[in-house]
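# Structure assessment
Listed here are the chains, written in short residue letters.
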Amino acid sequence: MKFFIDTADVNEIKAANERGWVDGVTTNPSLIAKSGRNFEEVIKEICKLTPGKPVSAEVISLKADEMVKEGVALAKWADNVVVKIPMCEDGMIAVKKLTAEGIKTNVTLVFSVMQALLAAKAGATMVSPFVGRLDDVGSDGMLMVNEVIQVYRNYDFATEVLVASVRSPMHLQQAALVGADIATIPYKVMQGMTGHPLTTKGIEMFLSDWNKAQTK
Ligand code: G3P
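What this report covers is the structure whose coordinates are included nearby. (Residues numbered from 1 in each chain as written. Predicted model: local features only at pLDDT ≥ 70, side-chain atom pairs only at ≥ 80, totals over all residues. Heavy atoms only, no water.)

Per the stated rule, a full pass over the model turns up nine salt bridges. Close ionic contact of Glu41 with Arg37 constitutes a salt bridge, the shortest N to O distance being 2.9 Å. By relative accessible area, which is 45% here, Glu41 ends up partly exposed. The closest approach of N and O atoms between Lys212 and Asp209, which form a salt bridge, is 3.8 Å. Taken together, the residues Lys212 and Asp209, both in helix H11 (residues 197-215) and three residues apart, mark about one turn of the helix. Overall, Asp209 belongs to the partly exposed group, its relative accessible area being 44%. One network of salt bridges, with partners in common, ties together Arg37, Glu41 and Glu45. (Salt bridge = Lys/Arg side-chain N within 4 Å of Asp/Glu carboxyl O. Buried < 20%, exposed > 50% of the residue type's maximum accessible area, 1.4 Å probe, protein only. Helix = DSSP H or I, 4+ residues; strand = E, 2+ residues; numbered from the N terminus.)

This is how it looks when you write it as structure tokens:
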């Protein structure tokens, strides 16, 4: 499973990259706003930090023609930009047109299997089911991901399943078990997965045994 980092914070991207955890980056308007930086400047910097790896940048328009215009402009910022388009009818028109122009797309805000199927039929490169936000309203986000994967396999769609709105290591484990292509992960969740109380205890024991042996 590919690991994308879900952030517009370049320091988090640098840190995760140093640890070998970055196969791509996803951003959204909320994350860009949180970074407090200019959209174009921050996306260009992220693309340079992760050459050859997909970097999702989201359009703001809601009309198909404007989405296409925005998407074409975004794709010119760097060759690894993936245009993120919200799931809606105009979005599907935009995905079809951008795909025809050879521009990669990521259909976002997907909350049902049928939305994912429509995005794949429109030619989306990636589709982003939001597991955490579905769990938040009492649905089973991972069940939806599992079903999307099954439907794509049934009909050999090339669209990659990018699990988004990941909130915990458990989400990631489940995404990997159901065979998701990609998960996009906040840096905090990546960090949370590295530790285990038995690892900490084991390191302490090894060091203490080692130090005891040195004093003999
Ligand atoms: O990039 C979209 C997504 O990952 C958002 O996550 O936690 O705001 O639902 P969240």
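That shown, we press on.
Attention now moves to the nonpolar core. The tendency in soluble globular proteins is for nonpolar side chains to be buried as a group. Counting residues in hydrophobic clusters, the biggest one holds 61 residues, and the most contacted among them are Val107 and Val163. The element best represented in this core is helix H8 (residues 141-154), accounting for seven residues. Those residues in contact with Val107, other than ones at most four positions away along the chain, are Ile85, Met87, Met92, Val95, Ala119, Ala124, Met126, Val127 and Ser128. Counting five residues, the second largest nonpolar core, distinct from the first, contains Val82, Met126, Leu162 and Ile182. (Core = buried A, V, L, I, M, F, W, Y, C linked by side-chain atoms within 4.5 Å. Contact = heavy atoms within 4.5 Å.)

Right, let's talk about the sheet that holds strand S6 (residues 126-129) for a bit. The strand order S1-S2-S3-S4-S5-S6-S7-S8 describes a closed barrel built from eight strands, whose pairing is parallel. The sheet shows a mean angle of 30° between the axes of neighbouring strands, direction not considered. By the bridge criterion, two bridges tie strand S7 (residues 160-163) to strand S8 (residues 182-185) in an arrangement that is parallel. Paired with Leu162 across the strands is Ile182, a residue of S8. Of the strands in this sheet, strand S2 (24-26), strand S3 (55-58) and strand S4 (81-86) touch helix H3 (residues 39-49), which is tilted by about 170° from S3. Contacts between H8 and the sheet are confined to strand S5 (105-110), S6 and S7, with S7 contributing the most and set at about 170° to the helix. (Pairing = 2+ DSSP bridges. Axes fitted to C-alpha atoms, helices over the stretch in contact; angles between N-to-C directions.)

Where burial is concerned, the two faces of S7 agree: the one with Glu160 and Leu162 and the one with Val161 and Val163 are both buried. The sheet contact formed by S6 and S7 spans two bridges and is parallel. Pairing of Met126 across the sheet is with Glu160, part of S7. What joins S7 to S8 is helix H9 (residues 169-177), and the crossover it makes is right-handed. (Right-handed = clockwise from strand over helix to strand, strands pointing away.)

Bringing the site of the ligand into the picture now. Close to the ligand lie Asp6, Asn28, Lys84, Phe130, Arg133, Ala164, Ser165 and Arg167, which account for all nearby residues. Separating an oxygen atom of the ligand from a side-chain N or O atom of Arg133 is a distance of 2.6 Å. (Near = heavy atom within 4 Å. Polar contact = N/O pair within 3.5 Å; in protein donor to acceptor, adjacent residues only side chain to side chain.)

Turning to the environment of Val166, a few remarks are in order. The residue Val166 is located in the loop between S7 and H9 in this model. Here Val166 falls in the buried class, since its relative accessible area comes to 4%. With 20 residues separating them along the chain, Val166 and Asn146 place their C-alpha atoms 15 Å apart. Look past the residues within four positions of Val166 in its chain and what remains in contact with it is Val131, His171, Leu172, Thr184, Ile185, Pro186 and Val189.

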